[in-house]
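# Structural features, examined
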Amino acid sequence: MSSDTHELVIAGSGVAGLSAAVYAARADLDPLVLEGDEPGGQLTLTTDVENYLGFPEGVGGIELIQRGKEQAEQFGAEFQHDSIEAADLDGQPLELSLSTGETLRTRALIVATGASARWVGAEGEDELMGYGLSTCATCDGAFHRGDDVLVVGGGDSAMEEALFLAKFADSVTVVHRRDELRASEIMADRARDHKDIEFAWKTELVAIQGSQEDGVTGATLVSHPDGYPGEKYEAGEDVTVEEVDVSGVFYGIGHDPDTDFLQDTPIELDDDGYTQTTDADAWATTATAVNGVFTAGDVMDRDYQQAVTAAGTGSMAALDAEEWLEATTAASRDSARQISMEAGD
Ligand code: NAP
């Protein structure tokens, strides 16, 4: 294989990509990490991480990522601020077309591209995203001191956003489409018990008012006693419509895996775009249907999506890639020896 072919490229620099990079660099695979559009991934949008093993006092998300990158670099991993636009995974070497126009060749690839925040689909969101509408309370919460804000969602992300925003905002209203939270008990209890957090049950956000000059100025909420009012509103059924004055809206309704560049490849994706391993149920491997391609972190894990599980699958992917690279190197050496013996060299 030509010398400009990498042994291993890791796509993604969140916890999974960094953990893979530490393991792969320690195994002398000289991994190149493509950092992606959001270097460091979702942890860089989090304040304190309290459930990562080994940090009884908690650790800042950005600090954890910086330390992980430092650790990987110390063992020889290289980082490039770029992302994959398209991939040709039909043969060896694998070919990756990057956003800068460069083409990379590599024997093995670990897909650890993570997942991106979902948008609600409310009127006005395209114009107002970044102007009072946000998917990241830890990034934008401090702009809302003394404001009234909404958080959309009923899972852990929404509770975390609401709790963070309550440090700054005057009032936080969690808008949830049914009357039962999906969030873990501990997070739900913290939000329910907070004096500045209210809940708008069986309610959905259908429009956001404002402009890029003035920011968010209000929102239109719909509610219905049976829940899921948005679909009823769209179908023209009777729902209660309420206009509220708010200066900030935060989405916390989950994430979609970043796998667009894999759509036309033989990598199997599930209906929501999560990468599939050859033994998805058992988590027995990080190998995909394509030889030399492995996957780790939130992009392959729709169930757990924790920093610590991402680190775990990242290390698994590096170990799987190392084993695969060794096996294919040994196989090609044997075959070269066989050809040479047959030729009487
Ligand atoms: P999630 O658990 O899938 O929750 C998404 C929430 O948004 C659900 O309540 C859902 O409503 C609602 N939703 C989805 N689409 C909607 C739409 N179009 N309009 C209105 N509401 C919508 O996602 P998540 O909260 O991001 O959590 C994902 C995973 O990460 C979970 O395993 C979670 O435990 C973990 N996580 C952990 C922490 C932590 O421990 N600190 C923090 C964040 C996330 P329904 O309930 O009606 O479906």
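Presented here is an overview of the structure given in this document.

Definitions and cut-offs
- Residues numbered from 1 in each chain as written.
- Predicted model: local features only at pLDDT ≥ 70, side-chain atom pairs only at ≥ 80, totals over all residues.
- Heavy atoms only, no water.
- Salt bridge = Lys/Arg side-chain N within 4 Å of Asp/Glu carboxyl O.
- Helix = DSSP H or I, 4+ residues; strand = E, 2+ residues; numbered from the N terminus.
- Buried < 20%, exposed > 50% of the residue type's maximum accessible area, 1.4 Å probe, protein only.
- Near = heavy atom within 4 Å.
- Polar contact = N/O pair within 3.5 Å; in protein donor to acceptor, adjacent residues only side chain to side chain.
- Areas by Shrake-Rupley, 256 points an atom, 1.4 Å probe, with all protein chains shown as cover.
- Nonpolar A, V, L, I, M, F, W, Y, C, P; charged D, E, K, R; others polar.
- Domains from an automatic or database assignment.

### Some words on the pattern of salt bridges
Applying the stated rule across the entire model yields 9 salt bridges. Glutamate 7 is paired through a salt bridge with arginine 107; the nearest N and O atoms lie 3.1 Å apart. Taken together, the residues glutamate 7 in strand 1 (residues 5-11) and arginine 107 in strand 8 (residues 103-111) connect sequence positions 100 residues apart. The partly exposed category is assigned to glutamate 7, whose relative accessible area is 30%. Salt-bridge contacts for aspartate 196 lead to lysine 195; the nearest nitrogen and oxygen are separated by 3.1 Å. Take lysine 195: its relative accessible area is 73%, and that puts it in the exposed class.

### A few points about the site of the ligand
Lining the immediate environment of the ligand, one finds 20 residues, of which Asp156, Ser157, Arg177, Arg178 and Arg182 sit closest. Between the ligand and glutamate 160, the relevant distance is 3.0 Å, taken from a nitrogen atom to a side-chain nitrogen or oxygen of the residue. One of the side-chain nitrogen or oxygen atoms of arginine 182 is found 2.6 Å away from an oxygen atom of the ligand. Computed on the free molecule, the ligand has an accessible area of 920 Å², of which 78% lies beneath the protein chains in the complex. Ranked by the residues each element gives to the shell around the ligand, the list is headed by helix 5 (residues 156-165), at 3 residues. The residue inventory of the shell around the ligand, partitioned by class, reads 3 nonpolar, 10 polar and 7 charged. Shared between two domains, the shell around the ligand holds at least three residues of each, these being domain 1 (5-117 + 255-341) and domain 2 (125-251).

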